[in-house]
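Chain by chain, the residues run as shown.
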Amino acid sequence: MANALLILLFPLYLSIPMQASAPTFRLGSTSYVYPGDLVHNAARLAGQVQDIELVLYVTPSGEHNLPTPREVRELARIAADAGMSYTVHLPRDLRSDGGDSLTLARQVIELCAPLSPYAYVMHVDGEGVGADAWHDQALVALAQVADWAGDPQRIALENLESYDPRHLLPFFAALPIARTLDIGHLWKAGMDPLSLIDEWRAEARVMHIHGVRGALGAREDHGTLAWVARAALAAVLARLDGWDGVLTLEVFEDDFFSSRAAFDEA
């Protein structure tokens, strides 16, 4: 009787939709999804994401969006209430042989320290990439920023589309810093991200993903993930199974919502 019942119920079991397992990583957004400042976006995004990338800028003319100490306290409160973290994107590509990138990096790190950021995300300036002088000055800059951050694992150096990610490997060998793997930059450069995800994921604290479109060499990026073929997006997400860092949908305004829909579908 029991066996007959199992035979009758087995087709019904097969018809029940299987739910995908929850991601092991934490999903993040940028700080510019809703019209308004950093605090307004944090308040609106709390509960929708587990991390917010504070995209900070300082223009040559002095315009900036660096938060005030009061705003930092409010950001900390919002994150604590929501069980959320922040990643902080430094406003300048780093160089130690000129410019104000290090001065601004120190200012941002000291300003955002009360947030206990999950990571400080940064690029190294690509001018002269590959040359000994380029490597030497960039290594000095990264070591200095790591010292200011207090924990080198909070320094997450990001690849750019303008040069081969392998140029960054000597920095990871020389310093105990983490990595930010920007998948959208790889797509923009015409690279398949899957093998690099496999190589970098153990040391990657953060990953960024965003849509690209257009012909190679003139591609538009930081657009909606709806631009990305579902099979390509699903392949990337499958590679992240078991990874426990922050995956940031690095898009802005309405592109966040269409990206989130594409992410959920994939």
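Just so we're clear, the structure is a prediction, and the values are computed from it rather than from any experiment.

**So, the nonpolar core**
Step number 1: In this structure, Y86 and L247 are the most contacted members of the largest nonpolar core, which totals 75 residues.
Step number 2: If near-sequence neighbours (up to four positions away) are discounted, Y86 is found in contact with A42, D51, I52, L54, L75, I78, A79, L115, P117, Y118 and A119.
Step number 3: Of all hydrophobic cores here, the second largest spans 7 residues; its members include A119, A156, A178 and V206.

**With respect to the side chain of D51**
Step number 1: In this fold, D51 is placed in strand β2 (residues 51-55).
Step number 2: R26 provides the closest opposite charge to the buried, unpaired D51, separated from it by 4.5 Å.
Step number 3: Here Y86 takes part through its backbone nitrogen, which lies 3.4 Å from a polar atom of the side chain of D51.
Step number 4: Residues contacting D51, with those up to four places away along its chain left out, are R26, L27, G28, S29, M84, S85, Y86, T87, Y118 and V246.

**Considering the sheet that holds strand β3 (residues 85-89)**
Step number 1: The strand order around the closed barrel formed by 8 strands is β1-β2-β3-β4-β5-β6-β7-β10, and the pairing between neighbours is parallel. Neighbour-to-neighbour, the strand axes of this sheet turn through a mean angle of 25°, independent of strand direction.
Step number 2: With 3 bridges connecting them, strand β1 (residues 26-30) and β2 associate as parallel partners. Across the sheet, the residue bridging to S29 is I52, located in β2.
Step number 3: Across the sheet, helix α2 (residues 38-45) touches β1, β2 and β3, and the angle it forms with β2 is around 165°.
Step number 4: Packed on one face of the sheet, helix α10 (residues 255-265) meets β1 and β10 (246-249) and runs near 130° to β10.

**Points about the environment of G47**
Step number 1: Take G47: it is sitting in the loop between α2 and β2.
Step number 2: For G47, a relative accessible area of 69% translates into the label exposed.
Step number 3: Remark: the alpha-carbon pair of G47 and A79, spanning 32 residues in sequence, is separated by 9.8 Å.

**Remarks on the packing of aromatic side chains**
Any pair of aromatic rings gets described here by the distance separating the centres and the angle formed by the planes.
Step number 1: In this structure the tally under the stated criterion is 7 aromatic pairs.
Step number 2: Between the aromatic rings of F172 and W200, the centroid separation amounts to 5.4 Å while the plane-to-plane angle is 80°, which identifies the pairing as edge-to-face. On the criterion of sequence distance, the pair formed by F172 in helix α6 (residues 169-174) and W200 in helix α8 (residues 193-200) is long-range, its members being 28 residues apart.
Step number 3: Clustering of aromatic rings is evident, with ring pairs tying together F25, W243 and F263.
Step number 4: Seen from the ring of Y118, R26 lies directly overhead, with NZ or CZ sitting 4.7 Å from the centre.
Step number 5: The ring centre of W200 lies 5.1 Å from the NZ or CZ of R179, which sits over that ring.

**Side note on the pattern of salt bridges**
Step number 1: Applying the stated criterion across every chain yields a total of 13 salt bridges.
Step number 2: For R213, the salt bridge goes to E220, with nearest N and O atoms at 3.1 Å.
Step number 3: Judged by its relative accessible area of 43%, R213 falls in the partly exposed class.
Step number 4: Owing to a relative accessible area of 40%, E220 belongs among the partly exposed residues under this scheme.
Step number 5: Close ionic contact of R230 with E265 constitutes a salt bridge, the shortest N to O distance being 3.4 Å. In this pair, R230 sits in helix α9 (residues 230-239) while E265 sits in helix α10, placing the two residues 35 residues apart along the sequence.
Step number 6: Taken together, the shared-partner salt bridges in this structure form one network comprising E74, R77 and D81.

Calculation rules
Residues numbered from 1 in each chain as written. Predicted model: local features only at pLDDT ≥ 70, side-chain atom pairs only at ≥ 80, totals over all residues. Heavy atoms only, no water. Core = buried A, V, L, I, M, F, W, Y, C linked by side-chain atoms within 4.5 Å. Buried < 20%, exposed > 50% of the residue type's maximum accessible area, 1.4 Å probe, protein only. Contact = heavy atoms within 4.5 Å. Helix = DSSP H or I, 4+ residues; strand = E, 2+ residues; numbered from the N terminus. Lys, Arg positive; Asp, Glu negative; His and termini not counted. Salt bridge = Lys/Arg side-chain N within 4 Å of Asp/Glu carboxyl O. Polar contact = N/O pair within 3.5 Å; in protein donor to acceptor, adjacent residues only side chain to side chain. Pairing = 2+ DSSP bridges. Axes fitted to C-alpha atoms, helices over the stretch in contact; angles between N-to-C directions. Phe/Tyr/Trp six-rings, centres within 6.5 Å; stacked < 30°, edge-to-face > 60°. Lys NZ or Arg CZ within 6 Å of the ring centre and 35° of its normal.

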